[in-house]
Amino acid sequence: MNSPQRAHGSARVPARAAQLCVAFDGRAGNHAAFGIMDSVSPETSTAPALPAAGQPAAFPDRVGRFARAFGWAAFWQVLGKLIGVIGLSYAYRCLGSENVGVSGTVLATVMLAQVVLDFGLEIVAVRHVAAGTVRLEELTPALFTLRGLLAGGALLVGAVVVPWLPLPAPVRWVWWWGVVHLAFLTANFSWYFQATDRMPRFSLLQNVTAIATSLVFLLAFRPGQRLGSDLVVTLTLNALLTAGVWLWIQRRVGRGLFRPAALPLALRLFREARPTWVFNLLYTALVNLNLPLCALLLGDRAAGHFRSAAMLVAAVQTFLSYFALMLNPRIVRWRAAGPGVLQRRLWALTGAFGVAAGLCLGGLWLVRVPLVRLLWGEDFLPAATVLPQLMAAKFLAVASGLLVWGLFAHYREWRAVACVAPCVAVALVFNLWLIPRHGITAAAWLYFGAEGLLLALTFLNLNRVERAPARTA
């Protein structure tokens with residue numbers, strides 16, 4: 001049994017961090033620019049600025065700090081995503097729905113593969129830095145070395161597998177570029193910004209990539225653009241920026257990051273991260289299975305329609321995810337604040353996001369057709385049938401994500417796995433059954449329903465965990 005007092009590693013850790021922001025458009029969290037970094041002193045054991053034990057900050061101060069941090073993150077996200085939507089919309093017009101469907105399927109597959117290779121290490125890395133149980137300069141080379149080896153392994157496997165894929169040569173090249181993209185995504189460094197309390201800055205840096213990508217689309221793309229061009233642009237910019245950020249991190253650490261001697265630490269973190277890794281795998285499958293199934297069962301053109309709507313959803317999703325990520329440390333403190341505090345606040349947030357999901361579904365339903373026509377043109381008009389459901393589902397996703405972090409705060413990781421596993425199974429069965437009969441509309445409603453089911457299961461499980469001490473007392 002997992003006890004609330006269970007120790008992880010060498011000491012009980014008071015925080016959980018999670019990365020549940022899986023974007024439909026395949027943009028992982030390690031898109032960051034390296035030219036705009038802060039100049040604080042090198043970290044030796046840095047953690048988010050929290051009040052000392054026994055000296056809680058005044059409630060208005062805590063709310064003010066959170067509001068300011070979220071405000072900056074939201075500002076850069078809104079700015080970057082607005083520009084990103086413009087650039088991607090133009091790129092989709094130039095590529096056409098069929099080409100968009102091909103590259104979208106590749107990106108969805110790459111995202112799932114990235115989570116497989118993540119091993120859940122980022123979550124425990126942030127937690128240990130916040131708890132002060134492992135120093136940052138020890139964690140950084142351990143994760144960099146492991147991920148460097150995994151990236152090289154992904155390239156080798158791709159070099160063997162891709163040539164044997166029964167696909168036309170142009171499509172096979174798109175899959176090869178997807179493998180290269182996976183290698184750079186595997187070198188993810190977003191955990192470093194979480195662990196050093198730089199999420200607003202990371203939000204700014206992340207959007208430099210989105211703006212640069214959009215500018216390339218707007219300046220270089222033309223109607224009839226070649227298949228896979230969008231993926232090549234994304235890959236190239238991500239590769240340059242990933243290399244640049246890791247060089248910056250290496251300068252801060254003060255020595256080389258590739259150290260095979262640090263691998264035992266990475267292995268120890270992996271043992272600790274297994275339940276959250278399994279959860280992330282299942283949740284990523286839940287989020288991303290619709291697009292490949294649409295491509296498989298309906299063809300690339302229908303997948304392109306689904307992806308175009310999902311791209312717009314991803315812009316809003318990133319904004320919501322930052323709100324959830326910044327609440328995560330507070331969820332841990334709410335649990336420690338006293339009986340019922342965590343439950344009351346999470347219930348209130350769940351209700352608010354549920355209402356927001358309903359309003360979003362109704363509001364977008366009224367404007368879906370003119371909005372899609374404005375963004376992508378007549379060729380993408382079928383995307384209007386799925387946009388409201390996909391967008392509203394993201395509000396349910398944030399609500400269930402907060403409840404999952406509540407389970408994590410109670411050290412009930414396997415309960416979270418037990419919540420998401422049946423959602424994936426049910427969604428897969430119904431997608432295989434209904435997509436051939438009702439098209440992408442079925443895929444969208446089924447995703448909305450799957451997020452709703454996950455929300456209900458996490459709500460029931462967290463309620464049970466919260467009441468457990470009272471029953472055993």
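Structure's up top.
Residues numbered from 1 in each chain as written. Predicted model: local features only at pLDDT ≥ 70, side-chain atom pairs only at ≥ 80, totals over all residues. Heavy atoms only, no water.

Chemist: Residue-level account of the packing of helix H2 (residues 97-118) against helix H5 (residues 169-186), with values.
Modeler: Angle between the axes and distance between the axes are the two parameters that describe a pair of packed helices. Orientation of H2 relative to H5, taken along the N-to-C sense of each, is 30°, at an axis distance of 9 Å. Of the two possible hands of crossing, H2 and H5 adopt the one that is right-handed. Contacts from Val102, Ser103, Thr105, Val106, Leu107, Thr109, Val110, Met111, Ala113, Gln114 and Leu117 in H2 reach Val171, Val174, Trp175, Gly178, His181, Leu182, Leu185 and Thr186 in H5. The class makeup of the residues in the contact of H2 with H5 is 12 nonpolar, seven polar and no charged. (Axes fitted to C-alpha atoms, helices over the stretch in contact; angles between N-to-C directions. Helix = DSSP H or I, 4+ residues; strand = E, 2+ residues; numbered from the N terminus. Left-handed = near helix turned anticlockwise from the far one by under 90°. Contact = heavy atoms within 4.5 Å. Nonpolar A, V, L, I, M, F, W, Y, C, P; charged D, E, K, R; others polar.)

Chemist: Give me the lowdown on the packing of aromatic side chains, citing residues and values where you can.
Modeler: Applying the stated rule across the entire model yields 19 aromatic pairs. Between Phe270 and Trp277, the aromatic rings sit 5.5 Å apart at their centres with planes inclined by 70°, giving edge-to-face as the arrangement. Of the residues examined, Phe270 reaches a relative accessible area of 23% and is grouped as partly exposed. For Trp277, a relative accessible area of 17% corresponds to the buried category. Arranged with centres 6.4 Å apart and planes meeting at 55°, the rings of Trp376 and Phe380 form a pair that is tilted. The exposure classification of Trp376 matches that of Phe380, with both residues buried. Among the aromatic residues, ring-to-ring pairing joins Phe144, Phe189, Trp191, Tyr192, Phe193, Trp246 and Trp248 into one connected group. The ring of Trp365 carries Arg368 above its face, with NZ or CZ at 4.1 Å from the centroid. (Phe/Tyr/Trp six-rings, centres within 6.5 Å; stacked < 30°, edge-to-face > 60°. Buried < 20%, exposed > 50% of the residue type's maximum accessible area, 1.4 Å probe, protein only. Lys NZ or Arg CZ within 6 Å of the ring centre and 35° of its normal.)

Chemist: Give me the environment of Thr242: which residues, what numbers.
Modeler: With respect to the helices, strands and loops of the structure, Thr242 is situated in helix H8 (residues 229-253). Accessibility expressed as a relative area gives 2% for Thr242, which makes it buried.

Chemist: Describe the nonpolar core, and please don't skip the residues or the numbers.
Modeler: Counting residues in each nonpolar core, the largest one holds 84 residues, and the members touching the most others are Tyr283, Leu346, Trp376 and Leu390. In terms of residue count, helix H13 (residues 387-409) provides more of this core than any other element does, 17 residues in total. In contact with Leu346, other than residues within four places in its own chain, are Ile331, Trp334, Leu402, Leu403, Gly406 and Leu462. Val106, Leu117, Leu150 and Val245 belong to the second largest nonpolar core, which has 45 residues in total. (Core = buried A, V, L, I, M, F, W, Y, C linked by side-chain atoms within 4.5 Å.)

Chemist: Help me get a handle on helix H14 (residues 413-438), residues and values and all.
Modeler: The end-to-end C-alpha distance of H14 is 36 Å, a good match for the 38 Å that 26 residues give at a rise of 1.5 Å each. At Asn431, H14 shows its largest kink, close to 35°. Buried within H14 we find Glu413, Ala416, Val417, Cys419, Val420, Cys423, Val424, Ala427, Asn431, Leu434 and Ile435. Immediately beyond the C-terminal end of H14, within one or two residues, lies Gly439, with a positive phi of roughly 75°. (Expected span 1.5 Å × (residues − 1). Bend = angle between axes of the 7 residues up to and from the residue.)

Chemist: So what's going on with a nonpolar patch on the surface? Residues and values would help.
Modeler: A grouping of Leu296, Leu297, Leu298, Leu428 and Leu432 is seen on the molecular surface, where their side chains present a nonpolar patch of about 420 Å² in accessible area. Broken down by secondary-structure element, the contributors of at least two residues to the nonpolar patch are helix H10 (290-298) and H14. A total of three residues in the nonpolar patch trace back to one element, the largest contributor, which is H10. Along the chain, the position of Leu296 falls in helix H10. By relative accessible area, which is 66% here, Leu296 ends up exposed. (Patch = residues over 30% accessible without salt bridge, like charges linked within 9 Å, V, L, I, M, F, W, Y side chains within 5 Å. Areas by Shrake-Rupley, 256 points an atom, 1.4 Å probe, with all protein chains shown as cover. Salt bridge = Lys/Arg side-chain N within 4 Å of Asp/Glu carboxyl O.)

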